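# What the coordinates show
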Amino acid sequence: MTKKETKKPVTLAGLQRKKSSGEKITMLTAYDYSMAKMLDDSGLDIVLVGDSLGMVVLGYDSTVPVTMEEMIHHCKAVRRGVSRALLVGDMPYLSYQVSKKEAVRNAGRFFKEAGCQCVKLEGGSNMASTIERIVRAGIPVMGHIGLTPQTVTALGGYRIQGRDPESAKRLLKDAKAVADAGAFSLVLECIPSALAKTITETIPIPTIGIGSGPHCDGQVLVTNDLLGLFEKFLPNFVKRYVNLAPMIKEALASYIDEVEKGIFPGTEYSPRP
Ligand code: KIV
């Protein structure tokens, strides 16, 4: 994949045009400057500082412990690497559920302090009025329904959502509520392909799928999964485009071996006399 020619910044209107024309939207996660810069240079549409940060970078067992301070810190680093893609900050658990006032204040921190252009939050009809308030404050919101990792315990674990007619109906209703509340796009995580297709054809805003089949307007993955950097587990919907962890370990073993044997640094990597 070569670097794209265009340097035009990605806009919400541009994403909407992609939905209308059937051109797919691309989104990946970043948590630091170096990776953000590579993603931005690659021609990707959207960079998400996901609260997956908690699992793949900070080593927590879930996304629940992630704090606002941790998110803001990493969003600032990613901001410095992104100049063209749309930058979305993921609102962590309990930063938007307690009250609408707190939700607007915290969304405002992503916007004002961290330089994110948009925020993402999890929830459907139950979050519609919160989304509306944040949007009214001038901050674009990306919704997220289906398997919502912040409330995975209440959902009964990491499993496909919306398999039975009743829950499929509920998810379609949630998708409409999020769109009606003014969200500019919607992540559909781990829902059946046919349901993702129905939602994508029903709501006017772009859908971004993860583990939800090919019919969404765009796709997102956790970058550390796609690159083989996170070894703890691999969801079955992830395609590993490269397996970097073993390559990194081999490089580290070579470094240790060369230092121990006095091979590195040789004259080439030492100060000239
Ligand atoms: O936290 C995250 O990285 C996400 C994406 C996988 C959608 O929510």
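The present account deals with the structure reproduced in this document. Predicted model, so just to flag it, every value in this text is computed and none were measured.

## So, the sheet that holds strand β7 (residues 207-210)
If you walk around this closed barrel you meet the eight strands as β1-β2-β3-β4-β5-β6-β7-β8, and the pairing is parallel. With direction set aside, neighbouring strand axes in the sheet form an average angle of 25 degrees. Here four bridges tie strand β6 (residues 185-189) to β7, and the two strands are oriented parallel to one another. Note on β7: the bridge partner recorded for glutamate 189 is isoleucine 210. In the packing of helix α8 (residues 193-202) onto the sheet, contacts are made with β5 (141-146), β6 and β7, and the angle to β6 comes to roughly 170 degrees.

## A look at the pattern of salt bridges
Scanning the entire structure with this criterion turns up 11 salt bridges. Between glutamate 231 and lysine 249 there is a salt bridge, with the nearest N and O atoms lying 2.7 Å from each other. Residue glutamate 231 is found in the loop between α9 (223-226) and α10 (244-260), and its partner lysine 249 is found in helix α10; the two are separated by 18 residues along the sequence. Relative accessible area serves as the criterion here: at 46%, glutamate 231 is assigned to the partly exposed category. Taking the relative accessible area as the measure of exposure, lysine 249 reaches 47% and is therefore partly exposed. Each of Lys18, Glu23 and Asp45 takes part in one network of salt bridges that share partners.

## Overview of the site of the ligand
Taken together, Thr29, Leu48, Gly50, Asp51, Ser52, Asp90, Lys120, His144, Ile210 and Val222 are the residues near the ligand. For the ligand, an oxygen atom lies 3.0 Å from a polar atom in the side chain of lysine 120. Of all the cavities here, the one that holds the ligand is the largest pocket. A class-by-class count of the residues in the shell around the ligand yields three nonpolar, four polar and three charged.

What counts, and at which threshold
- Sequence order as written defines the numbering, with residues in each chain counted from 1.
- For this predicted model, a pLDDT threshold of at least 70 governs which residues receive local features, and a threshold of 80 or more governs which side-chain atom pairs are given and counted, while totals over whole chains, interfaces and linings are taken from all residues.
- Computation of side-chain values: all heavy atoms of the structure, hydrogens and water removed.
- When DSSP finds two or more bridges between two strands, those strands count as paired.
- Only DSSP runs of H or I with at least four residues qualify as helices, and only runs of E with at least two residues qualify as strands; both kinds are numbered from the N terminus onward.
- Lines fitted to C-alpha atoms define the axes here, with helix axes fitted over just the stretch in contact, and angles between the N-to-C directions of these axes take values from 0 to 180 degrees.
- Contact between two residues is taken to exist if any of their heavy atoms lie within 4.5 Å; hydrogens are not considered.
- A pair is scored as a salt bridge if a Lys or Arg side-chain nitrogen falls within 4 Å of a carboxyl oxygen belonging to Asp or Glu.
- Relative accessibility thresholds used throughout: buried, under 20% of the residue-type maximum; exposed, over 50%; partly exposed, between the two (1.4 Å probe, protein chains only).
- Near is defined per residue: the residue qualifies when any heavy atom it owns lies within 4 Å of the molecule or strand.
- Two N or O atoms form a polar contact when they lie within 3.5 Å of each other; inside protein one atom must be a possible hydrogen donor and the other a possible acceptor, and for residues adjacent in sequence the pair counts only when both atoms belong to side chains.
- Of the two site types, the cavity is a set of points on a 1 Å grid over the protein atoms alone where a 1.4 Å probe fits but cannot get out, and the pocket is an open set with protein on both sides within 12 Å along at least five of seven lines, each lined by residues with an atom within 4 Å of a point.
- Whether a molecule lies in a cavity or pocket depends on its atoms, and more than half of them have to be within 2 Å of the grid points.
- Each residue receives one of three labels: charged for Asp, Glu, Lys and Arg, nonpolar for Ala, Val, Leu, Ile, Met, Phe, Trp, Tyr, Cys and Pro, and polar for the others, Gly being one of them.

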